[in-house]
Amino acid sequence: MGKIVLKSVRKAFGEVDVIPGLDLTIEDGEFVVFVGPSGCGKSTLLRLIAGLEDLTSGTMHIDAREVTSAPPAQRGLAMVFQSYALYPHMSVRKNIAFPLKMAGASPEEQEKKVTAAAKVLNLTNYLDRRPGQLSGGQRQRVAIGRAIVREPSAFLFDEPLSNLDAALRVTMRQEITELHQSLKTTMIYVTHDQVEAMTMADKIVVLNAGRIEQVGSPMELYHKPANTFVAGFIGSPKMNLIGGALAAAEGADQIGIRPEHLGIVTEGGWEGTVGLSEHLGSDTFLKVTTGQAGVLTVRAPGEVMLRHGDKVRLAPMPGKLHRFGKDGVAL
Amino acid sequence: MARATTPRRKALTTLAAWTVALIIFFPVLWMILTSFKTEASAVAMPPEFLGASWTLENYAEVWQRSDYPRFFWNSVVISVGSTLLGLGLAIPAAWSMAFVPGRRTKDLLMWMLSTKMMPAVAVMIPIYLLFQWLGIYDSKIGLVIALMLMNLPIIIWMLYTYFKEIPSEILEAARMDGANLWNEVLYVLTPMAVPGIASTLLLNVILAWNEAFWTITLTTTKAAPLSAFIASFSAPQGLFYAKLSAASTMAILPILILGWFSQKQLVRGLTFGAVK
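Residues numbered from 1 in each chain as written. Chains lettered and ligands numbered in written order. Predicted model: local features only at pLDDT ≥ 70, side-chain atom pairs only at ≥ 80, totals over all residues.

Going by this rule: UniProt positions are given in the numbering used here, feature names are shortened, and annotations may be inferred rather than shown by experiment.
Chain B has the name ABC transporter permease subunit in an unreviewed UniProt entry, where Stagnihabitans tardus is given as its organism. Under Subcellular location (unreviewed entry), UniProt gives the following word-for-word description of chain B: "Cell membrane". Here is the UniProt Sequence similarities (unreviewed entry) comment for chain B, exactly as written: "Belongs to the binding-protein-dependent transport system permease family."

If you look chain A up in an unreviewed UniProt entry, it shows as ATP-binding cassette domain-containing protein from Stagnihabitans tardus. The annotation that UniProt attaches to chain A under Sequence similarities (unreviewed entry) is "Belongs to the ABC transporter superfamily."

Structure representation (structure tokens):
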């Protein structure tokens, strides 16, 4: 079980309201990703749930039990930190066994659970090493091992992959997803990387300046962004936002079109000049300066071989236009 | 760019280093040499060196005339005792200052350090009277308390610096893993700070061992440590330099040996927080 309910949660550091007031329900077994730019309060929110920070006001329940002022140890949660936060003076075995030891488990039980966790995480051969003798990926696995042996009601991940190189990040991302599928335990995952958010989450919570901009499944956020902030944050490259006469013609203050929803056409559309073209093999990203719509990013197929200075015509695919009102809210 | 080290520059720096070291160490060296001279040779003018008459008599006489083992034991109890008691109080204090600082923590640390700037003699009379009134004058426990209080600011400062080096995420991880405050300090913080705690311990044993003002002021005979032992050889009848030197050498020898063997740890500990 691991249903977490936050009601009117507020956190202030001195005069500064980091989280001005927020309500959120995380269902049991869900993989929830908190995403947002740095300083948006996502890590603070996670630390509030963990109990590492005190709420300024509001309440928090885990499985219908009030934990608003309970210390971290009594919340039944496990956390994986960005810096791994392993105990450098203990072997891998002792690191993983530490939560069990604190819970008063017998040495036999500790050994049994450590062995099982090490097997799942491919750490069996490293149990007697110190964290300093392991690679980044192995350290992160030890940190995960330390979290799973407790059998917590929910896992909290605070940007766990940001210290790893790109290739390892992809592997670890898949491992964490698989872990969630096999354990079926609630997971809350903080990241600023929207690719991680899109690929891992059942539900994404987009945060900005301590407020929730939108909560929804990755596809909901992609297809129906609630406002320009979410539209710009989810999806890579970013959605093109166009104002002025083109937007007014659609009865909106701003219109948005994703780079992959701009087609290269021979007639009509918006005429422009290619500024920058990046060939990735599978895709070609173009920056096109148009007269009517300003600078637009286009995601074209890899075969498109346009170069700097070439003339093109762009047209939005039918039904893929997003309309936003004066305050940036979707119409 | 790395600085070029020519052989000439190296020779010059080595020479300079040896000169400075010799100047600093010379008084100690002279004291050790004097301890092996006869009284006449010790006070001879100009000072005698190669032509001096050497003897071991001073040591024999000092040993016979006084109860060296008792002074030695008192020094051990007072210096080790005051350091351990100080560590016991300072570890929780430094923990709270490093990991849960309040708005006034910095001021508190500065205030503690400022107490070391006050001349000790200013509080001599009150402390003397207080110790008499409490019945701990000339007792080992009294000196343990006095020296612990004298060195507590330094112990807290040193530990605070070491603790600041420990990432707070590791302590938070321990809290998430179910450790209460006691377990967090016992299983995570202390083992990680062992190098720092060890050098704090060593330095404070040395400071307490060398302390003379309070140990002489607050003792007569029973609890007198080696500093009082040295002082007892400067008699009103006149100074006997050779015997005084022999007594001094016997007093500093144990701590000199300890310092010699732990110098690596001491230097490492003292520069612990210096480089990130």
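Okay, back to it.
Observations regarding the UniProt feature "transmembrane region" (unreviewed entry) in chain B
Defined as follows: Numbering of helices and strands starts at the N terminus; helices are DSSP runs of H or I of at least 4 residues and strands are runs of E of at least 2.
According to UniProt, the "transmembrane region" (unreviewed entry) feature falls on residues 12-33, 71-96, 141-163, 184-206, 212-233 and 240-261 of chain B. Taken end to end, residues 12-33 of chain B has its terminal C-alpha atoms 29 Å apart, with 100% of it in helix and 0% in strand.

Remarks on the pairing of strand β14 (residues 270-279) of chain A
Residues and elements named next belong to chain A. To be explicit about the condition: Strand pairing follows a simple DSSP-based rule, namely that at least 2 bridges must link the two strands.
As paired elements, β14 and strand β17 (residues 311-316) share four bridges and run antiparallel to each other. Residue pairing in the sheet places Glu271 in a bridge with Arg313 of β17. Across seven bridges, β14 lies against strand β15 (residues 283-290) in antiparallel orientation. Paired with Val274 across the bridge in β15 is Val288. In this structure, the hairpin formed by β14 and β15 is closed by a connection of three residues, where Gly281 is found at a positive phi of approximately 95 degrees.

With respect to the environment of Pro88 of chain A
Stated precisely, the cut-off is as follows: Two residues qualify as a contact pair if the distance between their C-beta atoms, derived from the backbone, is within 7 Å.
Tracing the backbone shows Pro88 of chain A in the loop between β6 (77-80) and α2 (92-102). Here the alpha-carbon distance between Pro88 of chain A and Gln181 of chain A, two residues 93 residues apart in the chain, equals 30 Å. Those residues in contact with Pro88 of chain A that lie beyond four places of it in its chain are Arg130, Pro131 and Gly132 of chain A together with Met192 of chain B.

Considerations on helix α8 (residues 168-176) of chain B
Here is the rule: Counts of 20 or more other C-beta atoms within 10 Å of a residue's own C-beta define buried residues, counts of 12 or fewer define exposed ones, and intermediate counts define partly exposed ones; C-beta atoms are placed from the backbone.
Across the nine residues of α8 of chain B, seven count as buried, placing the element largely inside the fold. Listed as buried for α8 of chain B are Ile170, Leu171, Glu172, Ala173, Ala174, Arg175 and Met176 of chain B. Buried residues along α8 of chain B sit against α1 (42-50) and β6 of chain A together with α4 (68-99) and α9 (181-192) of chain B.

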